[in-house]
Amino acid sequence: MNQYHVYIMTNQSRTLYVGVTSELEQRVGQHKSKQVPGFTSKYNCTRLAWYESFTDVNEAIACEKRLKGWSRAKKIALIEAMNPQWEDLVADWDF
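In short, a report on the structure. These numbers come from a predicted model, not from an experiment.

1. Overview of the side chain of glutamate 64
Next up, step 1: Position of glutamate 64 relative to the elements: it lies in helix α3 (residues 57–68).
Next up, step 2: When its relative accessible area of 12% is taken as the criterion, glutamate 64 is described as buried.
Next up, step 3: If near-sequence neighbours (up to four positions away) are discounted, glutamate 64 is found in contact with Val6, Val18, Gly19 and Val20.

See below:
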């Protein structure tokens, strides 16, 4: 069964980036190594601060769109409910 992930990447100054992927480990690795030019490489968003998994791609895309429409404060509250210390949730993964 396929899995889809909505995620929030951040940096030391807590800039936020919301994305969706079917390959979380691969996608986070791309952000960490700055393989993808754009927002996350420009702002050094290399920490996975939050994610949620779905089995339905349409639910994942809807969640991503919903989060992108949220205020910064609401996104921060979401992160802090799961990850109050803003740790990199994949710090122990090998990339």
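2. Concerning the pattern of salt bridges
If the charged atoms of two oppositely charged side chains come close together, the side chains can form a pair.
Next up, step 1: Under the defined criterion, the tally for this structure stands at 2 salt bridges.
Next up, step 2: Here aspartate 88 and lysine 32 are joined by a salt bridge, their closest N and O atoms 2.4 Å apart. Here aspartate 88, found in the segment after α4 (72–82), pairs with lysine 32, found in helix α1 (residues 24–32); they are 56 residues apart in sequence, far enough to count as distant.
Next up, step 3: Judged by its relative accessible area of 18%, aspartate 88 is buried.
Next up, step 4: On the basis of relative accessibility, which here comes to 24%, the residue lysine 32 falls in the partly exposed class.
Next up, step 5: We note a salt bridge from glutamate 64 to lysine 68, for which the minimum N-O separation is 3.3 Å. Of this pair, glutamate 64 and lysine 68 both sit in helix α3, 4 residues apart, which is roughly one turn of that helix.

3. A few points about the packing of aromatic side chains
Describing an aromatic ring pair means giving the distance of the ring centres and the angle of the ring planes.
Next up, step 1: Taken as a whole and assessed by the stated rule, the structure comprises 3 aromatic pairs.
Next up, step 2: With a centroid separation of 6.0 Å and 25° between ring planes, the pair formed by tyrosine 17 and phenylalanine 39 is classed as stacked. Of this pair, tyrosine 17 sits in strand β2 (residues 16–21) while phenylalanine 39 is found in helix α2 (residues 39–42), placing the two residues 22 residues apart along the sequence.
Next up, step 3: Their ring planes at 40° and their centres at 4.7 Å tell us that phenylalanine 39 and tyrosine 43 sit as a pair that is tilted.
Next up, step 4: Using a relative accessible area of 36% as the deciding quantity, one classes phenylalanine 39 as partly exposed.

Basis of the calculations
Residues numbered from 1 in each chain as written. Predicted model: local features only at pLDDT ≥ 70, side-chain atom pairs only at ≥ 80, totals over all residues. Heavy atoms only, no water. Helix = DSSP H or I, 4+ residues; strand = E, 2+ residues; numbered from the N terminus. Buried < 20%, exposed > 50% of the residue type's maximum accessible area, 1.4 Å probe, protein only. Contact = heavy atoms within 4.5 Å. Salt bridge = Lys/Arg side-chain N within 4 Å of Asp/Glu carboxyl O. Phe/Tyr/Trp six-rings, centres within 6.5 Å; stacked < 30°, edge-to-face > 60°.

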